[in-house]
Amino acid sequence: MMRSMYSAVSGLKTHQTRMDVIGNNIANVNTVAFKSSSVTFSDILYQTTSNASGANATTGTGGVNAKQIGLGTTAAATKVSITSAGASETTGNPFDIRLTDKNSTNFFIVNNGSENVFTRSGSFYVDGSGNLCMSSTGYTVMGWQVDETTGEIRKDTVSALRIMQEKNLTSAPEATTQATIAGVLDENDADVKSDAGKVMNLNFYDNLGYQYTAKFAIKATAKDGEYTVELTSILDSNNKNITEGFTQAQMKEIFGNTDTETTVASYSTTLAGCGYTYNPATGKLTDDTDGAEVTVNANGTISKAGVDTGKTIKDVFGVSDGNLKNIQNSIAAGNTDYVFKDVANADGTHSYQVVKKSATNLLKFNTEDGKFNSIGGGTDKSVELNLNTTSLNANGNFANITVDFSQCLNYSGKSTIGADAGAVDGTTGKGRKLGAMTGIFIDTSGRIYGTYDNGNTELLGQIAVAQFSNASGLEKVGESCYRTTLNSGEFDGIGVEISADGSSMTTGELEMSNVDLSSEFTSMITTQRGFQANSRVITTSDTLLEELVNLKR
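Residues numbered from 1 in each chain as written. Predicted model: local features only at pLDDT ≥ 70, side-chain atom pairs only at ≥ 80, totals over all residues. Heavy atoms only, no water.

### A short note on the overall build of the protein
Consideration 1: A count of helical and extended segments in the protein gives six helices and 37 strands.
Consideration 2: Relative to the compact-globule value of 24 Å for 553 residues, the protein shows a C-alpha radius of gyration of 46 Å, a clear excess of over 25%.
Consideration 3: Overall, the protein is about 170 × 50 × 35 Å in size when its C-alpha atoms are taken along their principal axes.
Consideration 4: In the protein, which comprises 553 residues, the proportion classed as buried is 41%.
Consideration 5: For the protein, restricting intrachain contacts to residue pairs at least 6 apart in sequence, the fraction spanning at least 24 positions comes to 61%. (Helix = DSSP H or I, 4+ residues; strand = E, 2+ residues; numbered from the N terminus. Rg over C-alpha atoms; globule rule 2.2 N^0.38 Å. Buried < 20%, exposed > 50% of the residue type's maximum accessible area, 1.4 Å probe, protein only. Contact = heavy atoms within 4.5 Å.)

Written out as structure tokens, the structure is:
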């Protein structure tokens, strides 16, 4: 009789334990990534009042089973439903990450300051030190760093992912190494036929991220389908010409393989009231006072009978300050890059002309279909813009640029030809300025990338995950975290890449609790009835004891 009471007491305790677990499940119905638990019961010791006996052939009697009386129940195990994923909740936060398992149950690895623990809760944020952390506890998220030598992930012992550290806030600049000239060049374009030519600007970057503009001029020649391409200047970001004062030989070292003479300006009359008269029929310049012939010197000055008059070609012909300066610089440098000379024209008349000697490349098109043929006088489709010269690249900040002309066409119509940095694919060798971070995103394999305002995307690290042979054997330590036990399997300190077995990470989503309220309420009912039945056993046993006590009356 006493046995029944104590058995019922064990039933009450066990059902209370089950009710505790159910209550905890329901309390965490909205806890991120919470895993529900369930309790299994087992019977306990049995008191044997009579052992079993076998059959007796002598007496012809059969065997008798043992007589055993049970002594109650106990909670055999509390099982965590850890492999069952909860539903997804969309948050839109880029640092909220949901784990989607394929073959194994994955866990984020976080560090609480003294040890690595594991969690399914992917609600993260970036703290004041730039570390990726759990938003609920501040535990740092662990992963792999980028190998600075290769630029790839180095899968070594996990460490804190400090994604917003100083070196990640900027992206290194890159020098432009390739450029593409593309579009239509109309042979009837007035600019192409002018002395200045059709102007093209190529914007490029040096190794330090400073921007420059190379200015080219395309000019028609006397032959159909052939044009000259000349580098006229290179401007820095302050619009200063860094090739100013360069000789034709120095410009040829940078761009061009052919010497070409171009008439910059032509003069057949003198300025009114200058005191001199130019006769285009004879090509002679005379003094208005006495009709004596005067001499135009190579440096642009005017002399009479070997004596300097104090006048220049600017005063007499109206030559611009820039052209006069170029002519004088050429004389001072001992070259003939710019000259002012008398030229006999085809119609028999004369004119004074400012003639510039340029370094050019010959651009050829097929006259049959207008398609590109070659650049540079050979069969090449590209030429080098050689910026790595002594005169230009004293600081070593420039890189040579391969300029591809193969995308040019020589058609009739509006000229659309232009220059763009980068190869034909539009990205390779384009060059970039120093970039400032504008955002961070995480892909499905846990790789963390930074995006920058110079167009760069750089790998910053990778979130590692842990997998266990028996994930249900992990110990819950609170705060949505777990710790390894002897029955869960050990963590090797390195972790695995989540995509190794087809699993993935999804940003902007969180895993919800996997508690099923319908199952919990059903379990609550059966638990209540079980507790109620056990309490009835106690009251009934008490009634029997009372009857036994009443026998003495």
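### Describing helix α5 (residues 321–333)
Consideration 1: Between its first and last C-alpha atoms α5 spans 18 Å; for 13 residues at 1.5 Å apiece the expected length is 18 Å, and the two agree.
Consideration 2: Within the sequence span of α5, burial applies to Asn323, Leu324, Ile327 and Ser330. When α5 is viewed along its axis, its buried side chains cluster within an angular range of 125° and face the same direction.
Consideration 3: The inward-facing, buried residues of α5 abut β18 (258–267), β23 (307–312), α4 (313–317), β24 (338–344) and β25 (350–365).
Consideration 4: The positive-phi residue at the C-terminal boundary of α5 is Gly334, with phi of around 75°. (Expected span 1.5 Å × (residues − 1). Arc of directions from axis to C-beta.)

### Focus: the side chain of Thr213
Consideration 1: Relative to the helices and strands, Thr213 is located in strand β16 (residues 211–220).
Consideration 2: A polar side-chain atom of Thr213 sits 2.8 Å from a polar atom in the side chain of Asn203.
Consideration 3: Sequence-distant contacts of Thr213, that is, excluding residues within four places in its chain, are made with Asn201, Leu202, Asn203, Phe204, Ser233, Ile234 and Leu235. (Polar contact = N/O pair within 3.5 Å; in protein donor to acceptor, adjacent residues only side chain to side chain.)

### With respect to the nonpolar core
Consideration 1: Ranked by internal contacts, the top residues of the largest apolar core, which has 35 residues, are Phe216, Leu231, Leu363, Leu385, Leu387 and Phe405.
Consideration 2: Setting aside chain neighbours within four positions, we find Leu385 in contact with Leu202, Ala214, Phe216, Leu231, Ile254, Phe255, Asn400, Ile401 and Val403.
Consideration 3: Core analysis: the next-biggest nonpolar cluster, separate from the first, contains 24 residues, Leu99, Leu132, Ile440 and Ile442 among them. (Core = buried A, V, L, I, M, F, W, Y, C linked by side-chain atoms within 4.5 Å.)

### Details of the pattern of salt bridges
Consideration 1: Scanning the entire structure with this criterion turns up 21 salt bridges.
Consideration 2: The closest approach of N and O atoms between Lys35 and Glu511, which form a salt bridge, is 2.4 Å. Here Glu511 lies in strand β37 (residues 509–511) and Lys35 lies in the loop between α1 (2–27) and β1 (37–43), a separation of 476 residues in the sequence. Like Lys35, the residue Glu511 is buried in the burial classification.
Consideration 3: Salt-bridge contacts for Glu511 lead to Arg120; the nearest nitrogen and oxygen are separated by 2.9 Å. Of the two residues, Glu511 sits in strand β37 while Arg120 sits in the loop between β8 (116–119) and β9 (124–126), which places them 391 residues apart along the sequence.
Consideration 4: You can call Glu511 buried: its relative accessible area is 2%.
Consideration 5: Residues participating in the shared-partner salt-bridge network are Lys35, Asp101, Arg120 and Glu511. (Salt bridge = Lys/Arg side-chain N within 4 Å of Asp/Glu carboxyl O.)

### Quick notes on the sheet that holds strand β27 (residues 382–385)
One key point about sheets: their strands pair by backbone hydrogen bonds, in either a parallel or an antiparallel sense.
Consideration 1: Spatially, four strands are ordered β27-β28-β14-β29 in an open sheet, and the strand pairing comes out mixed. Since the sheet does not close on itself, it has two edges, and those belong to β27 and β29 (418–421), each with one partner. On average, each strand axis in the sheet is tilted by 25° relative to the strand beside it, whichever way the strands run.
Consideration 2: In this sheet, strand β28 (residues 401–409) lies alongside β27 in antiparallel orientation, the contact comprising four bridges. Bridge pairing links Leu385 to Ile401 in β28. (Pairing = 2+ DSSP bridges. Axes fitted to C-alpha atoms, helices over the stretch in contact; angles between N-to-C directions.)

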